[in-house]
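Single-letter residue listing:
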Amino acid sequence: MTISPELLAAYADGELDELTAARVQRAIADNPQLARDLAPLTELRNMLVARFDPILAEPMPERLSAPIQDAAKVVSLDVARQARQPLWQRPQFRFGAGAAIAASLMVAVLVGGRGGTPQGYADTQLTAALDETLSGQTARDGTRLLISFHAANGAMCRGYAAQAASGIACHDDRGWKLKVIGGSAAKQATQYRQAGNNDAAIMAAVQDMAIGPALDANAELAARNDGWNTKP
Amino acid sequence: MQNDVFLTGLTALLPRLRRFAAGLARNSADADDLCQATIERALVSRQQWQDGTRLDSWMYRIMRNIWIDTARGRTRHDKTFADEEAGMHVGSMGAQEAQVELTMVDRALQTLPDEQREAVLLVLVEGYKYAEAAEIVGCPIGTLTSRLLRGREALMVKLGEAA
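Residues numbered from 1 in each chain as written. Chains lettered and ligands numbered in written order. Predicted model: local features only at pLDDT ≥ 70, side-chain atom pairs only at ≥ 80, totals over all residues.

## Some thoughts on the overall build of chain A
The cut-off we apply is this: The way it works is that DSSP assigns letters per residue, a run of H or I at least four long becomes a helix, a run of E at least two long becomes a strand, and they are numbered from the N terminus. Exposed residues have 12 or fewer other C-beta atoms within 10 Å of their own C-beta, buried residues have 20 or more, and partly exposed residues fall in between, where C-beta atoms are placed from the backbone.
Looking only at helices and strands, one finds eight helices and five strands in chain A. For chain A, the succession of helices and strands along the chain, N to C, is α-α-α-α-α-β-α-β-β-β-β-α-α. Looking at the 232 residues of chain A, the share that counts as buried comes to 29%.

## A closer look at the overall build of chain B
Going by this rule: Residue pairs qualify as contacts under a 7 Å threshold applied to their C-beta atoms, which are placed from the backbone.
For chain B, the helix and strand inventory stands at eight helices and zero strands. Mapped in sequence order, the helices and strands of chain B form the string α-α-α-α-α-α-α-α. Among the 163 residues that make up chain B, the fraction classed as buried is 40%. Considering only intrachain contacts with a sequence separation of at least 6, the fraction spanning at least 24 residues in chain B is 63%.

## Let's talk about unusual backbone geometry
For residues that are not glycine, phi is negative in most cases, and the peptide bond is trans in most cases. Residue and element names in this part refer to chain A. For W228, which is not glycine, the phi dihedral falls at a positive 65 degrees. With respect to the element layout, W228 can be found in the segment after α8 (217-225). When the 20 C-beta atoms within 10 Å are taken as the criterion, W228 is described as buried.

## Points about the environment of A:G159
Residue and element names in this part refer to chain A. One can find G159 in strand β3 (residues 156-161). Judged by the 28 C-beta atoms lying within 10 Å of it, G159 falls in the buried class. Sequence-wise, G159 and I147 are 12 residues apart; in three dimensions their C-alpha atoms are separated by 5.2 Å. The residues touching G159, leaving out its near neighbours within four places in the chain, are L146, I147, I168, I202, M203 and V206.

## Some remarks on the nonpolar core
In plain terms, the rule: By definition, a nonpolar core groups buried Ala, Val, Leu, Ile, Met, Phe, Trp, Tyr and Cys residues that are joined through C-beta atoms within 7 Å.
In this structure, A:A169, B:A21, B:L34, B:M63 and B:A133 are the most contacted members of the largest nonpolar core, which totals 88 residues. Residues in contact with B:M63, not counting those within four places in the same chain, are B:L17, B:F20, B:A21, B:L34 and B:T38.

## Here we look at the interface of chain B and chain A
The test is simple: For this classification, the nonpolar set comprises Ala, Val, Leu, Ile, Met, Phe, Trp, Tyr, Cys and Pro, the charged set comprises Asp, Glu, Lys and Arg, and every other residue, Gly included, is treated as polar.
Listed by partner, the interface residues are 43 residues for chain B and 44 residues for chain A. Mapped onto the side of chain B that touches chain A, the elements with two or more residues apiece are α1 (2-24), α2 (28-44), α5 (98-110), α6 (114-125) and α8 (141-158) of chain B. The dominant element in the side of chain B that touches chain A, judged by the number of residues it contributes, is α1(B), at 11 residues. Here the side of chain B that touches chain A is composed, by residue class, of 24 nonpolar, 10 polar and nine charged.

## Focus: the confidence of the model for chain A
Atom-level detail of predicted coordinates should not be read off regions where pLDDT is low. Residues and elements named next belong to chain A. Rule in force here: Confidence scores here are pLDDT values: one per residue, from the predictor, ranging 0 to 100.
Scored by pLDDT, chain A comes out at a mean of 77, with 72% of its residues at no less than 70. For chain A, helix α5 (residues 96-104) is the element with the lowest average pLDDT, namely 46, and helix α2 (residues 18-30) is the one with the highest, namely 95. Long-range and interchain partners of residues 184-191, a stretch whose pLDDT sits below 50, account for 13 contacts in this model, where long-range means more than four residues apart.

## Considering the pairing of strand β2 (residues 144-150) of chain A
All names here are of chain A. Inclusion rule: When DSSP finds two or more bridges between a pair of strands, those strands are recorded as paired.
Of all the seven residues making up β2, seven are buried; the element is thus mostly covered by neighbouring parts of the structure. Bridging between β2 and β3 involves six bridges; their strand directions are antiparallel. Within β3, the position partnered with R144 by the bridge is A161. The antiparallel pairing of β2 with β3 creates a hairpin that spans five residues between the two strands, and G154 there sits at a positive phi of about 90 degrees.

## A closer look at the pairing of strand β4 (residues 166-172) of chain A
All names here are of chain A. Among the seven residues that make up β4, six are buried, leaving the element largely enclosed by the rest of the structure. As paired elements, β3 and β4 share five bridges and run antiparallel to each other. Opposite A161, over in β4, you have S166 as the bridge partner.

## A closer look at helix α3 (residues 55-69) of chain B
Put simply, the test is: Expected helix span is computed as 1.5 Å times (number of residues minus one).
Between the first and last C-alpha of α3(B) there are 21 Å, a value that for 15 residues agrees with the 21 Å anticipated at 1.5 Å per step. Listed in full, the buried residues belonging to α3(B) are B:M59, B:Y60, B:I62, B:M63, B:R64, B:I66 and B:W67.

## Focus: the environment of A:W176
All names here are of chain A. For W176, the position within the fold is in strand β5 (residues 175-182). Separated by 55 residues in sequence, W176 and Y121 have C-alpha atoms that sit 5.5 Å apart. When neighbours within four sequence positions are excluded, W176 is seen to be in contact with Y121, A122, T127, L130, A169 and H171.

## Notes on the packing of helix α1 (residues 5-12) of chain A against α8(B)
Quick reminder of the rule: A fitted line through C-alpha atoms represents every axis, and for helices the fit uses only the stretch in contact; the resulting angles, taken between N-to-C directions, go from 0 to 180 degrees. Comment on the angle field: the value is read as roughly parallel under 35 degrees, roughly antiparallel over 145, roughly perpendicular from 65 to 115, and oblique elsewhere.
Where α1(A) meets α8(B), the axes come as close as 11 Å, and the angle between the chain directions of the two elements is 90 degrees. As far as their axial angle goes, α8(B) and α1(A) are roughly perpendicular. Where α1(A) approaches α8(B), its residues A:P5, A:E6 and A:A9 are matched on the opposing element by B:T145, B:L149 and B:R152.

Pasting the structure below:
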């Protein structure tokens, strides 16, 4: 039986069915060269495992575990339906991180109507992203859609993150009205971090506005087909 | 309930995600940045995850996509030195060489094209089956196995036929 390098590698990786594995095993027993070819494959795996497995036992940096612990409070719209207090009285805004988030959001609309869109409404490009793109996906212009939910007045709203600005827009008969505008992605953080910071700020603002759970993928698809006029 | 399943699962996956990030990123600070960005993206996109499907593959895919998305910004300043040093330390397995040995593995990995590196890490370090690794990367299984084969051969040469 001829053993190709692919077959020998698959044998080393435990990818073969029993019958084929047994055949390869016999071939190796008959052919010392195959045994010599197999050894480095095993050695390489051992070297990689020896390099990376110790990481599993390292103490977890707080910046990695903390976001998950905070998540139940900050992100879950289902759980955190506690009494509505004014923004500045909420516990999360009395501490450093919360204050920074609050400062980075302007709860006022200051985007002028470019290209003929009404004052305070999404421009043509953003409107296209909000109309067409589902949450978790990125629109052609680079805008990432984060979440869809209903606000207290029954309007469909969507959180989004774009290169120029992030925010929340709510649908009415004139288009997508901009409710909360975050700053553009700050340059002080590393590439990886920028997106996360803005997203967290938007999600905190979503929590303040939403009256129910976020729409799941199916409900969102239905809302899109309905022209974003779906009521809660 | 779904919330608990998701967050508990995410916490349990953290050490493995950190290990995968360490293999992908250039240094440990970048690795933890990548890991943190992955966690935040996952928390924001959590409604995209279907309860009952595999959370680990979903998380690995997010990390891998963020890494690929930011790949254009990365430089490869280590690459120039890797071949020479790998050649110098062939066969050194003594205890005092352990530190050098670890550096060699890192540097050898850094010389691989991205798609070969992720294939090697997913199968050989993270222990995924070929089909699972292909699904995480989003390529056909044959593509995955050929990347794995080429990556593995390059590493064995760089690391002196596995010492």
